[in-house]
Structures are given as structure tokens and as C-alpha cells.
Amino acid sequence: MTWLWIALGFLFIILGLMGFLIPALPGPPVAYAGLWLQQIREPDAYSATFLLTWGAIVMVVLVLDYYIPVWGTKKLGGSKYGMWGCTIGFLAAFWLGPWGIIIGPFAGAFLGELLANQTQKKALKAAFGAFLGFLGGSLFKIIVCLLMGYYLVISI
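Predicted, not measured: the structure shown is a model, and the values here were computed from it.

Scoring rules and cut-offs
- Residues numbered from 1 in each chain as written.
- Predicted model: local features only at pLDDT ≥ 70, side-chain atom pairs only at ≥ 80, totals over all residues.
- Heavy atoms only, no water.
- Helix = DSSP H or I, 4+ residues; strand = E, 2+ residues; numbered from the N terminus.
- Buried < 20%, exposed > 50% of the residue type's maximum accessible area, 1.4 Å probe, protein only.
- Areas by Shrake-Rupley, 256 points an atom, 1.4 Å probe, with all protein chains shown as cover.
- Lys, Arg positive; Asp, Glu negative; His and termini not counted.
- Charge placed at Lys NZ, Arg CZ, Asp CG, Glu CD.
- Core = buried A, V, L, I, M, F, W, Y, C linked by side-chain atoms within 4.5 Å.
- 1 Å grid on protein atoms, 1.4 Å probe; cavity = no way out; pocket = protein on both sides within 12 Å on 5 of 7 lines; lining within 4 Å.
- Points joined across faces, edges and corners; volume = space filled by probe spheres on them.
- Nonpolar A, V, L, I, M, F, W, Y, C, P; charged D, E, K, R; others polar.
- Salt bridge = Lys/Arg side-chain N within 4 Å of Asp/Glu carboxyl O.
- Axes fitted to C-alpha atoms, helices over the stretch in contact; angles between N-to-C directions.
- Left-handed = near helix turned anticlockwise from the far one by under 90°.
- Contact = heavy atoms within 4.5 Å.
- Phe/Tyr/Trp six-rings, centres within 6.5 Å; stacked < 30°, edge-to-face > 60°.

### Here we look at the overall build of the chain
Item 1. If you tally the helices and strands in the chain, you get six helices and zero strands.
Item 2. The order of helices and strands in the chain, counted from the N terminus, is α-α-α-α-α-α.
Item 3. Overall size of the chain, expressed as C-alpha extent along the three principal axes, is 60 × 30 × 15 Å.
Item 4. The buried share of the chain, reckoned over its 156 residues, is 43%.
Item 5. Just so you have it, the chain exposes about 8800 Å², and 77% of that area is on carbon and sulfur atoms.
Item 6. Considering the chain, the positive charge centre built from 8 side chains and the negative charge centre built from 4 side chains are found 22 Å apart.

### Notes on the nonpolar core
Item 1. With 15 residues, the main nonpolar core has Y32, L35, Y46, F50, L51, W54 and M148 as its most contacted residues.
Item 2. Elements supplying a minimum of two residues to this core: α2 (27–41), α3 (48–75) and α6 (120–155).
Item 3. Counting residues per element, this core draws most heavily on α3, which supplies five residues.

### Details of the layout of surface pockets
Item 1. Approximately 300 Å³ is the volume found for the largest pocket.
Item 2. Along its surface, the largest pocket is lined by 21 residues, and D65, Y66, F90, F94 and K141 are the ones closest to its centre.
Item 3. Of all the secondary-structure elements, those providing two or more residues to the lining of the largest pocket are α2, α3, α4 (80–93), α5 (98–115) and α6.
Item 4. The element that contributes the greatest number of residues to the lining of the largest pocket is α3, accounting for five residues.
Item 5. Grouping the constituent residues of the lining of the largest pocket by class yields 15 nonpolar, four polar and two charged.

### Side note on the environment of L139
Item 1. In this fold, L139 is placed in helix α6.
Item 2. The sequence separation of L139 and L62 amounts to 77 residues, and the corresponding C-alpha distance is 12 Å.

### Things to note about the pattern of salt bridges
Item 1. Applying the stated criterion to the full structure yields one salt bridge.
Item 2. A salt bridge links K141 to D65; its shortest N-O distance comes to 3.3 Å. With K141 in helix α6 and D65 in helix α3, the pair connects residues that are 76 residues apart, well separated along the chain.
Item 3. Judged by relative accessible area, K141 falls into the buried class, the value being 13%.
Item 4. For D65, a relative accessible area of 14% puts it in the buried group.

### Remarks on the packing of α3 against α4
Item 1. Here α3 crosses α4 at 145 degrees, and the two axes come no closer than 8 Å. Like other packed secondary-structure pairs, α3 and α4 cross with a definite hand, here right-handed. Mapping the contact onto sequence places Y66, P69, V70, T73 and K74 in α3 and G82, M83, C86, T87 and F90 in α4.
Item 2. Classifying every residue of the contact of α3 with α4 by side-chain character gives six nonpolar, three polar and one charged.

### Some words on the packing of aromatic side chains
Item 1. This structure, assessed with the given rule, holds six aromatic pairs.
Item 2. When the centroid spacing of 4.7 Å and the interplanar angle of 15 degrees are considered together, the rings of Y46 and F50 count as stacked. By the burial criterion, Y46 is buried, and F50 matches it.
Item 3. Arranged with centres 5.1 Å apart and planes meeting at 70 degrees, the rings of F50 and Y151 form a pair that is edge-to-face. In this pair, F50 sits in helix α3 while Y151 sits in helix α6, placing the two residues 101 residues apart along the sequence.
Item 4. Given the relative accessible area of 26%, Y151 is considered partly exposed.

What follows is the structure, given as C-alpha cells:
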């Protein structure tokens, strides 16, 4: 039975990493579930403090994943229109898969800036900020999932 929990833990970590590519799959929470499965295998696999800390990290990464593209838009000169466009673009294109998550915030920020009467050059710069923010948020998710995978391995 022990190997079943270990295999399921690894499966959840892998699914968590795939959450980077599959938008409907929340990567870090799925990988976090893989850590919790190890508590079934061995009740003392992780301390309560460890699990609560990782739970907090997962929540922060989820919030940052939505906030960082908006921040990137603003950092590269986007206005409130661009930031709102980035958010609306993300929500509208989220269901289109990985390409929707990449293109949605970019297109939304671009269109938002155009609605704010910005030049195409400035709108494109703000949209690029949204894209960089998407990459930054994705990098956070991957790092967190890989770290949880590392902790799963050392718990064995």
C-alpha cells in the first residue's frame, strides 16, 4: 500500500507541473495534494508547520499568478485601462487553453490601452508587460511544484 501512496504523490506532482500548460488544472494545489497523500502513507511524513507553510505558499502563488501580469502591464507603462484589459483578457481567454492564457492578457492589455487612446507602440509595450508577467507567474508555479516534488522525494 505504501507504494500506491508514493505513486499517487508523484502523479499529483506531475499533474501539478502540467498545470502550467493546462489552465483548468490548478498546478500548485494539485501538487500540494501530493504532499498530503504522503501523510496517509506515513502520518509523520511532514510536520503540521511544514504543511501549513506550504499551504500558505500555494495560496500566495495562486494570487500572484493572477496579479503579476497586471503588475507587468503597469510596470511597462500601462494605464488602468491596460490593467483591466489584461485581467478581462485573461478571464475571457482562460477557457481556450494554454494559448488563451498567453494571448488573452496580452490582447486585453493591448486593447485596453488602445481604448485609453494610447499609441500602438505604447499599447504594445504594456501588452508585452502582461506577457512577461504571465511568464513570471508561470515560473513561480513551476518552481513551487518542483520544490514540492523534491520534498516528496526526500520524504521517501
